[in-house]
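A structural walkthrough
Residues per chain are reported as follows:
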Amino acid sequence: MQTPLSRRAMIAAAALPFLVRPGLLRAAEPDLSALSDITGGAVPIGPEERARRLVRAQALMKANGIGAILIEPGSTMVYFTGVQWWRSERLTAAIIPVEGQPCIVTPFFEEPSVRETLAVPAEVRVWQEDGNPLAVVAGFLRDRKLANRPVGIEETARFFAFDGMRKLLPDMRLVSANPVVRGCRMVKTPAEIALMQLATDVTMAAYRWVYPRVEAGMTGAEIGALMSAATRKLGGAPEFSMALIGEASAYPHGSKQVYRVAEGQVVLMDCGCTVQGYQSDVSRSWVHGRASAEQRKVWDTVAKGQQVARAAARIGAPAGSIDDAVRRFYEGQGYGPGYRLPGLSHRTGHGIGMDGHEPVNLVHGEATPLAAGMCFSNEPGLYLPGKFGIRIEDCFHMTDSGPAWFSTPPKAIEAPIG
């Protein structure tokens, strides 16, 4: 899906010039001969699983009085239909009705390409360049006798789709599709969790390869390039390979200033990849050379903060209560209060799955109860502006007996990868 570059992606993109400068051959062409693809056993999401997703979505529509939902290209379209497309001024959309097969609406000349990834039985309706795609959507709803029932709009859909539907069907009530889409996607199946585990295994293997190769004088971009190269060789598609050095680590997503690895400087990496459409997200922090007493204390406090978050993650607990537990602990250590610095200036964690960031978040005030199958990051970093920051991030999935790690948190700053 074509989307605006995220902060992480922009930082990762900064590595690209280093791939072509001859003076940086080490980062551009590392010796990856010790690595091999570990994703050969990945089992893609199959037709049976997608069929179950549609059944679940239609049950949630009935329960919430929704006649259909409208989805634009992106991870939710892939989740329900398999269609891998992008957003442009030419609308492609999926309409999932409360009963019967979905419908894909797409430009006439794109139909053959769209069908290449369509993975469920569905009707396809096309529109011509001089036509109105939303009129085609409205026609489908009329034909299915859904034009007078509420239609859910997926939360990332653009305003022109919402506005166009409202103008064509002024008596239709447009509502949020969240009860359906979130109701399906927030709870992962064993097949999804297996792919997320494999993506995490790739990221951890890449970390273990990169860590001993980080040398004095390297920039974050060079380190990120090594991580991305290792990730690809291991079978993952890099999503972000961010490395923050020194003072840049005090700002969760870095600085435009170029810092180089040096004795006593923190290196904070935040990296993730995709395997068969599912993501990983792991952060590691260490000190190049000997850690100071302050750096060691902050690292140990963050490691404890992760365990506080894990202990608070229980079936039925409000998602926000995990964040609250961490902040109580940090405030007892002299940080904060709340989101103030020095301290934890961001949420404790976020949902993860097909997207690196998904609903819901482990953030103060989030009342959604934790349930088996939900997946989150656990990353209660501490940031000391003008000095350094430490972030240790591992993701977990909820089980009936509590949280289970995708990656094992490190136990000491001297062994920071785990």
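A few points on the structure.

Conventions adopted
- Residues numbered from 1 in each chain as written.
- Predicted model: local features only at pLDDT ≥ 70, side-chain atom pairs only at ≥ 80, totals over all residues.
- Heavy atoms only, no water.
- Pairing = 2+ DSSP bridges.
- Helix = DSSP H or I, 4+ residues; strand = E, 2+ residues; numbered from the N terminus.
- Axes fitted to C-alpha atoms, helices over the stretch in contact; angles between N-to-C directions.
- Buried < 20%, exposed > 50% of the residue type's maximum accessible area, 1.4 Å probe, protein only.
- Phe/Tyr/Trp six-rings, centres within 6.5 Å; stacked < 30°, edge-to-face > 60°.
- Lys NZ or Arg CZ within 6 Å of the ring centre and 35° of its normal.

1. Things to note about the sheet that holds strand β5 (residues 151-153)
- In spatial order, the strands read β4-β3-β2-β1-β5-β6; together these six strands make up an open sheet with mixed pairing. The open sheet has two free edges, formed respectively by β4 (123-127) and β6 (174-176), since each of these has just one partner strand. Within this sheet the neighbouring strands show an average axis-to-axis angle of 25 degrees, counted without direction.

2. Quick notes on the environment of Ala372
- Tracing the backbone shows Ala372 in the loop between β12 (358-362) and β13 (375-378).
- Take Ala372: its relative accessible area is 30%, and that puts it in the partly exposed class.
- Distance in space between the C-alpha atoms of Ala372 and Met354 is 17 Å, their sequence separation being 18 residues.

3. Here we look at unusual backbone geometry
- Omega for the bond connecting Gly336 with Pro337 falls within 30 degrees of zero, at 5 degrees, which places this linkage in the cis form.
- Mapped onto the fold, Pro337 is located in the loop between α12 (319-332) and β11 (349-351).
- In this chain, Pro359 is followed by Val360 through a cis amide linkage whose omega measures -5 degrees.
- Although it is not a glycine, Lys145 sits at a positive phi angle of roughly 60 degrees.
- Turning to its location among the elements, Lys145 is positioned in the loop between α6 (133-143) and β5.
- The exposure class assigned to Lys145 is exposed, which follows from its relative accessible area of 70%.
- At Gln276, a residue that is not glycine, the phi angle is positive and equals roughly 50 degrees.
- Note on placement: Gln276 falls in the loop between β8 (266-275) and β9 (278-279).
- Judged by its relative accessible area of 45%, Gln276 is partly exposed.

4. Notes on the packing of aromatic side chains
- What the rule picks out here adds up to eight aromatic pairs.
- Centre to centre, the rings of Trp85 and Trp86 are 4.2 Å apart; their planes meet at 15 degrees, and the pair counts as stacked.
- Clustering of aromatic rings is evident, with ring pairs tying together Phe329, Tyr330 and Tyr335.
- Residue placement shows Arg53 over the ring face of Tyr79; its charged tip is 3.9 Å from the ring centre.

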